[in-house]
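Geometric and topological summary
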Amino acid sequence: MIFSPDEKTLLTSTQNGTIQGWNIETGSQHFKITGHVGEILHLSISENGKILTTANSLASRWLTDDTYLQHWDISTNGMLSTDFLEFEGVETITPDCRNVIIKDKNGKFEMLDIETKNTLFTITEMEKDALSGKFIFSLDGKTAAASGKNYVVHLWQIANTSQMSKPWKTLKGHTKWIKAMAFSPDGKMLASGENKIIHLWNLETGEILFSFTPQLNTVEDIAFSPDGKTLAGGSREAIYLWDTATGKEIGVCIPERITTSMTLVFSPDSKILVSACGARVLKFADREVMLPSGGWITATASTDDGGIFQLWDSRTGELLSTHTGHTNHVIAFAFSKDSKTFTTGSRDGTVLLWDWEKIASVR
């Protein structure tokens, strides 16, 4: 889900490849784009709000060598052009949908300009299969990171193309597979998490600032607050909050429902953490049970997917409110630029718009 630059339209995509534009004020659909094959994997809109770029693959849930990038005129819903990325080893499309990173059989990586097909940089000084994870990018697009074998994180400075053949830095300190990574908003720190530990790195020095050991089976999601002062790490059991300046644990958030996945986002003012649980609502014949973490259930009549999200005080970890409305897992969040509208998308096929001021004030 993304908002148009003027924030009058919300764009959503579905698993069957349909894109819909919704009027924020009225809730009505005012355009619909079809013509994709498979699930939409990326959405990007131009700064003037006139051109929409979409990425989808015949393989549905992941990028392959049959990935399409299509450019649409939003005013007419007409297709402007199509780029067929028939590159073997498509790994990552940058957030602006302008560049693609591909990998060949020998382990060489290239970043290509999708429109011109020109090579922007080549990563050559890596062993075959040295990288085990997808690339992520800092918010300013200047730094890229990818996890590698031997439990390391490799970093590249994209602007310095002359140095792209080998990593700018390699961060060593993990002992297991890295499950999640996130850049701080200013691009100066990186958080990386494995099963039971999260490292916070100073990217200038390559040193570990703090190591956090939450009592989790595995770290599923990591998020920085927009002001960079708070780090959240979540899993099925709990969400932990830490002060990035001191390394001090701020609080522990225990989701209300038994969870199967975790998605985290901070409010634009950094004061509230929002969590969505891919959760399971346990139903008995005479009631519905939402079980807090740590409880036990001996028998159920049936199970059904639930769709809730919860708001937490990012300074204390206190639960502020729980919100329902979806009937299946909440899988996507979006804030409007003015921070007045909060949007949730669910596997039940619905998108809900929330008045952020109202739900953030619920206690």
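A brief look at the structure comes next.

Glancing now at the sheet that holds strand 19 (residues 198-202). Backbone hydrogen bonds hold the strands of a sheet together, and the pairing may be parallel or antiparallel. Taken together, four strands build an open sheet; the order of strands is 17-18-19-20 and the sheet is antiparallel. Here the strands that pair on one side only, and so sit at the sheet edges, are strand 17 (180-183) and strand 20 (207-212). Between one strand axis and the next, the sheet turns through 20 degrees on average, direction left out of account. Where strand 17 lies against strand 18 (residues 189-193), four bridges are found, and the strand directions are antiparallel. Within strand 18, the residue paired with methionine 181 across the bridge is serine 192.

Okay, the pairing of strand 15 (residues 152-157) next. Across a regular strand the side chains alternate sides, sitting on one face of the sheet and then on the other. When you tally the buried positions in strand 15, you get five out of six residues, the bulk of the element. The pairing of strand 14 (residues 143-148) with strand 15 spans six bridges and is antiparallel. Within the sheet, the bridge partner assigned to alanine 146 lies in strand 15 and is histidine 154. Between strand 14 and strand 15, which follow one another and run antiparallel, lie three residues, and asparagine 150 among them has a positive phi close to 70 degrees. Pairing of strand 15 with strand 16 (residues 169-172), which is carried by four bridges, proceeds in the antiparallel orientation. From the neighbouring strand, valine 153 faces strand 16, where its bridge partner is leucine 171.

Calculation rules
Residues numbered from 1 in each chain as written. Predicted model: local features only at pLDDT ≥ 70, side-chain atom pairs only at ≥ 80, totals over all residues. Heavy atoms only, no water. Pairing = 2+ DSSP bridges. Helix = DSSP H or I, 4+ residues; strand = E, 2+ residues; numbered from the N terminus. Axes fitted to C-alpha atoms, helices over the stretch in contact; angles between N-to-C directions. Buried < 20%, exposed > 50% of the residue type's maximum accessible area, 1.4 Å probe, protein only.

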